[in-house]
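Residue-level listing of the chains:
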Amino acid sequence: MARAVLLNPGPVTLSARVRAALTAGDWCHREPEFAALVRDLNAGLAAVYEPLAQDYEAVTFAGSGSAAVEGMLGAFAPDDGATLVVANGVYGERMARMLSALGKPHHVAAHDWLAAPVTAQIAAWLDREPGITHIAMIHHETTTGRLNDVAAVGRLCRARGVTLLLDAVSSFGAEAIEGADWNLGALAGTANKCLHGVPGLSFVLGRRNLWRGPAPRPRSVYLDLRAYHAAEHGDGFAPFTLPVQVAFALREALAEFDAGGGWRARHAAFRQRARFVHRVLTAHGVSTLLPVDEYSVVLWSYRLPAGRSYQHLHDGLKADGFVIYAGQGRLAADIFRVAHMGDITGDDLARLEAALGRLLA
Ligand SMILES: *Cc1c(COP(=O)(O)O)cnc(C)c1O
């Protein structure tokens, strides 16, 4: 197989410069140059969004995006209040499972996977349960591709003095994010989705006063992000070994991201790819699962064409070098997903159009 083009929601097709960064050298993670690199990464991550640049601080640590979400809930979901989880897909439901496993008080505003969170219902939860001090929600729910209306929930959080904890794992770097306007306490992200790094490092951005304020009892030694915060913002050394080469790649990916125009440019590039793929699939009679204006720019879900299995579509595309993604859970039999992240060229898209033409003709 020649070039592999990943159309799954991370890991992504790497740019040549990010791939080359993996071989930048053999470094010890306890040497000052590595501490400086980690400080640079944390500063670079905090600078991605202007509204977060002043008041939020990042910690970077080893793990996939779920480790960042679980670490964020461990560090910021309260014991002396309660968290309302807004769930409309696999990832929202996973946050509720994490809070159960962590033994933290929570409620779940459960929605159908095809439904948008209803802000009025979330407000009613806050009226009914005055103990709710935090809302945990997914920004881009990758289960369907829906961009949840975090702005509406964030305004509610701000009006009610409720702290927002956001899973931005599949939106960070490609969708708009506000800080104070949403009363954002913290968000979780990862290196290997919209930022175009390699898997192995994730991060949490938290409001400075919350990192330094009263802490819930840690449930984990390894995933105690407040210990990472104290260490990385102290002498710069994380408490445990970080994947050094993955850090090189993230540094390069952030440099490429900044040089390319930051999150707005990436948003525009992903949107263009989304529209291209949508046009091609529509021409072959394939329809979207959600109304198109409800999607993020990062990933869209499509109904499997009548009489074609996911396996047929997947295997046919893979033979041509493209990897698509299946639906999860009860959607597995009905949909496929196409993500728009990674170093994808116009030539790749033209070849994708031809491959889909052969397969769906
Ligand atoms: C990818 C993703 C995660 C993390 O998944 P991992 O497999 O742990 O990297 C979390 N939340 C959302 C919304 C995601 O898309």
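Residues numbered from 1 in each chain as written. Predicted model: local features only at pLDDT ≥ 70, side-chain atom pairs only at ≥ 80, totals over all residues. Heavy atoms only, no water.

S.K.: I'm lost on the overall build of the protein chain in this one. Help?
M.R.: The number of helices and strands found in the protein chain is 13 helices and 14 strands. Taken against the 2.2 N^0.38 rule, which gives 21 Å for 361 residues, the C-alpha radius of gyration of the protein chain at 20 Å falls within 12% of a compact globule. For the protein chain, the proportion of its 361 residues judged to be buried stands at 57%. Counted over contacts in the protein chain with a minimum sequence separation of 6, partners at least 24 positions apart contribute 72%. Accessible surface, the protein chain as shown: approximately 14000 Å² in total, 54% of it carbon and sulfur. (Helix = DSSP H or I, 4+ residues; strand = E, 2+ residues; numbered from the N terminus. Rg over C-alpha atoms; globule rule 2.2 N^0.38 Å. Buried < 20%, exposed > 50% of the residue type's maximum accessible area, 1.4 Å probe, protein only. Contact = heavy atoms within 4.5 Å. Areas by Shrake-Rupley, 256 points an atom, 1.4 Å probe, with all protein chains shown as cover.)

S.K.: Teacher, can you tell me more about the sheet that holds strand β11 (residues 299-303) here?
M.R.: Whether parallel or antiparallel, the strands of a sheet pair through hydrogen bonds between backbone atoms. The three strands are arranged β11-β14-β13 in an open sheet whose pairing can be described as antiparallel. In this open sheet, the two edge strands, each paired with only one partner strand, are β11 and β13 (325-326). Bridging between β11 and strand β14 (residues 335-339) involves five bridges; their strand directions are antiparallel. Bridge pairing in β14 places Ser-301 opposite Arg-337. (Pairing = 2+ DSSP bridges.)

S.K.: Explanation requested: the environment of Leu-14 in the structure shown.
M.R.: On the secondary structure map, Leu-14 appears in the loop between β1 (5-6) and α1 (16-21). In this structure, the C-alpha to C-alpha distance between Leu-14 and Met-341, residues 327 residues apart in sequence, is 9.8 Å. Not counting the four nearest positions on each side in its chain, Leu-14 is found in contact with Arg-19, His-196, Gly-197, Val-198 and Asp-343.

S.K.: So what exactly am I meant to see when it comes to the sheet that holds strand β8 (residues 163-167) here?
M.R.: Pairing is mixed in the open sheet, where seven strands are placed in the order β2-β10-β9-β8-β5-β3-β4. On the outer flanks of this sheet lie β2 (56-62) and β4 (106-110), each paired with one strand and no other. Shown here is a sheet whose adjacent strand axes are inclined to one another by a mean of 20°, direction ignored. The pairing of β8 with strand β9 (residues 184-190) spans four bridges and is parallel. Its bridge partner lying in β9, Asp-167 is registered against Ala-188. Packed on one face of the sheet, helix α9 (residues 225-232) meets β2 and β10 (201-207) and runs near 110° to β2. (Axes fitted to C-alpha atoms, helices over the stretch in contact; angles between N-to-C directions.)

S.K.: What's the story with the site of the ligand in this structure? I'm lost.
M.R.: In the vicinity of the ligand, the residues found are Ser-64, Gly-65, Ser-66, Tyr-91, Arg-94, Ile-138, His-140, Thr-142, Asp-167, Val-169, Ser-170 and Lys-193. In this structure, Thr-142 approaches the ligand through a side-chain N or O atom, which is 2.5 Å from an oxygen atom. Here the shell around the ligand is composed, by residue class, of three nonpolar, six polar and three charged. (Near = heavy atom within 4 Å. Polar contact = N/O pair within 3.5 Å; in protein donor to acceptor, adjacent residues only side chain to side chain. Nonpolar A, V, L, I, M, F, W, Y, C, P; charged D, E, K, R; others polar.)

S.K.: Would you mind going over the pairing of β4 with me for this structure?
M.R.: Across a regular strand the side chains alternate sides, sitting on one face of the sheet and then on the other. Strand direction decides the pairing type here: strand β3 (residues 82-87) and β4, joined by five bridges, are parallel. Looking at the pairing, Ala-87 lines up with Ala-110 of β4.

S.K.: Please clarify how the side chain of His-139 should be interpreted in this entry.
M.R.: Of note, His-139 is situated in the loop between β5 (132-138) and β6 (140-141). Relative accessible area serves as the criterion here: at 3%, His-139 is assigned to the buried category. The contact partners of His-139, leaving out residues within four places of it in the chain, are Arg-146, Leu-147, Asn-148, Val-150, Leu-166, Asp-167, Ala-168, Ser-171, Glu-175, Ala-176, Ile-177 and Trp-182.

S.K.: How should I be thinking about the domain arrangement of the protein chain in this particular structure?
M.R.: Accessible area lost on assembly of the parts is the figure often given for the size of an interface. Along its sequence, the protein chain is organised into domain 1 (5-11 + 261-360) and domain 2 (16-259). Computed from C-alpha atoms alone, the centre-to-centre distance between domain 1 and domain 2 is 26 Å. Listed per partner, the contact involves 28 residues of domain 1 and 29 residues of domain 2. Broken down residue by residue, the surface that domain 1 buries against domain 2 is led by Trp-263, Arg-266 and Gln-328, which jointly contribute 28%. Applying the counting criterion to the domain 1 and domain 2 interface returns three salt bridges. For the salt bridge of Glu-294 with Arg-146, the shortest nitrogen-to-oxygen distance reads 2.9 Å. For the side of domain 1 that touches domain 2, the secondary-structure elements that each account for two or more residues are α11 (262-283), β11 and β14. Of the residues forming the side of domain 1 that touches domain 2, the biggest block, six residues, is contributed by α11. Tallied by class, the residues present in the side of domain 1 that touches domain 2 amount to 13 nonpolar, nine polar and six charged. (Domains from an automatic or database assignment. Buried area = accessible area lost by both parts, 1.4 Å probe. Salt bridge = Lys/Arg side-chain N within 4 Å of Asp/Glu carboxyl O.)

S.K.: Is there a simple way to think about the environment of Arg-3 in this case?
M.R.: Here Arg-3 lies in the segment before β1. Exposure remark for Arg-3: the relative accessible area of 31% places this residue in the partly exposed category. Sequence separation of Arg-3 and Asp-348 is 345 residues, and the distance between their C-alpha atoms is 9.1 Å. If we ignore the near neighbours within four places in the chain, the residues touching Arg-3 are Thr-13, Gly-321, Asp-343, Ile-344, Thr-345, Asp-348 and Arg-351. A distance of 2.7 Å separates the side chain of Arg-3 from the backbone oxygen of Asp-343, its partner in a polar contact. Within the local environment of Arg-3, its side chain forms a polar contact with the side chain of Asp-348, the two groups lying 2.8 Å apart.

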